Amino acid sequence: MNFVPTHLARVGLDLTSATHDFSDIGVIYGPAGMGKSMVLKEYVHANSANKGVILIEADPGYTAKVLLQALCARLGLRKTGNIHDLLEECVQGGLRDKH
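Just so it is clear, the structure is predicted and the values come from calculations on it, not from any experiment.

Caption draft 1: Structural view of the overall build of the chain. Tallying secondary structure elements over the chain gives four helices and zero strands in all. In sequence order, the chain lays out its α and β elements as α-α-α-α. Across its three principal axes, the chain shows a C-alpha extent of roughly 45 × 30 × 25 Å. Scored against the burial criterion, the 99 residues of the chain give a buried share of 19%. Within the chain, residue pairs in contact and separated by at least 24 positions form 25% of the contacts whose partners lie at least 6 positions apart. Charge-centre separation for the chain: the mean point of 10 positive side chains lies 4 Å from the mean point of 10 negative side chains.

Pasting the structure below:
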C-alpha cells in the first residue's frame with residue numbers, strides 16, 4: 001500500500017520529526033486503520049539514511065529484553081546478556097554513534 005500524505009498523516013509526520021529532533025517522547029494514537037503505522041514507516045523510509053532512524057514493530061508479548069535484543073540486532077550489535085548488558089551495548093556501541 002502506498003503512503004498518502006493526508007492532513008492527519010502530515011500532522012503525524014511533523015510530530016514524529018519534532019519528537020526525533022528534540023530527543024523527546026511523542027504519542028500517536030487512534031483507532032485501527034487510521035494510518036499510525038504507515039506514518040511511522042514513511043518517516044523511517046524518509047529518514048533512515050540521514051538520521052539513523054530505526055523502526056521495530058513490537059507486539060504485546062515483547063518483554064524489555066526481547067525489545068533490546070531486537071534493537072541490538074538492528075544496530076548490528078551483540079544481542080546476548082541481561083537487560084543491563086543489552087542496554088549498555090545499545091548505548092555504547094550503537095545509539096551513541098548514530099547521533
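Caption draft 2: Focus on the packing of helix H1 (residues 7–21) against helix H2 (residues 36–51). Direction vectors running N to C along H1 and H2 enclose 40°, while the axes themselves pass 9 Å from each other. With respect to each other, H1 and H2 are oriented oblique. Seen from above, H1 lies across H2 with right-handed handedness. Residue-level contacts link Ala9, Gly12, Leu13, Thr16, Ser17, His20 and Asp21 of H1 to Val39, Leu40, Glu42, Tyr43 and Lys51 of H2. Tallied by class, residues from the contact of H1 with H2 come to five nonpolar, four polar and three charged.

Caption draft 3: Main features of the pattern of salt bridges. Per the counting criterion, the structure on display carries two salt bridges. The salt bridge involving Lys41 is made with Glu57; its shortest N-O contact spans 3.7 Å. Pair noted here: Lys41 is in helix H2 and Glu57 is in the loop between H2 and helix H3 (64–75), with a separation of 16 residues, a long-range link. A relative accessible area of 52% places Glu57 in the exposed class. The partner of Arg78 in a salt bridge is Glu89, with the nearest N and O atoms 3.4 Å apart. Taken as a pair, Arg78 in the loop between H3 and helix H4 (83–98) and Glu89 in helix H4 lie far apart in primary sequence, 11 residues in all.

Caption draft 4: Representation of the environment of Gly76 within the structure. Relative to the helices and strands, Gly76 is located in the loop between H3 and H4. For Gly76, a relative accessible area of 63% puts it in the exposed group. Residues Gly76 and Met38, 38 residues apart in the sequence, show an inter-C-alpha distance of 25 Å.

Caption draft 5: Up close: unusual backbone geometry. One non-glycine residue, Ser23, lies in the positive phi region at around 50°. Counting through the fold element by element, Ser23 comes out in the loop between H1 and H2.

What counts and how
As a convention, each chain's residues are numbered from 1 in the sequence order in which they are written. Local features in this predicted model are restricted to residues whose pLDDT is 70 or higher, and side-chain atom pairs enter the listing and the counts only when it is 80 or higher, whereas totals over whole chains, interfaces and linings include all residues. Think of the side-chain values as coming from all heavy atoms in the structure, minus any hydrogens and water. Runs of E in the DSSP output that reach at least two residues are strands. Runs of H or I that reach at least four are helices, and both are numbered from the N terminus. Here the term buried applies to any residue with accessible area under 20% of the maximum for its type, exposed to any over 50%, and partly exposed to those in between, with areas from a 1.4 Å probe on protein chains only. By the convention used here, residues are in contact when the closest approach between their heavy atoms is within 4.5 Å. Only four residue types enter the tally: Lys and Arg on the positive side, Asp and Glu on the negative side; His and the chain ends are excluded. Taken as the charge centre is NZ of Lys, CZ of Arg, CG of Asp or CD of Glu, depending on the residue. Axis geometry follows a simple rule: fit a line to the C-alpha atoms, using only the stretch in contact for helices, then measure angles between N-to-C directions, giving values from 0 to 180 degrees. Note on angle classes: values under 35 degrees are labelled roughly parallel, values over 145 roughly antiparallel, values of 65 to 115 roughly perpendicular, and the remainder oblique. Each crossing gets its hand from how the near helix is turned against the far one by less than a right angle, where anticlockwise is left-handed and clockwise is right-handed. Residue polarity is assigned by list, with Asp, Glu, Lys and Arg as charged and Ala, Val, Leu, Ile, Met, Phe, Trp, Tyr, Cys and Pro as nonpolar; anything else, Gly included, falls into the polar class. Every case where a carboxyl oxygen of Asp or Glu lies within 4 Å of a side-chain nitrogen of Lys or Arg is listed as a salt bridge.

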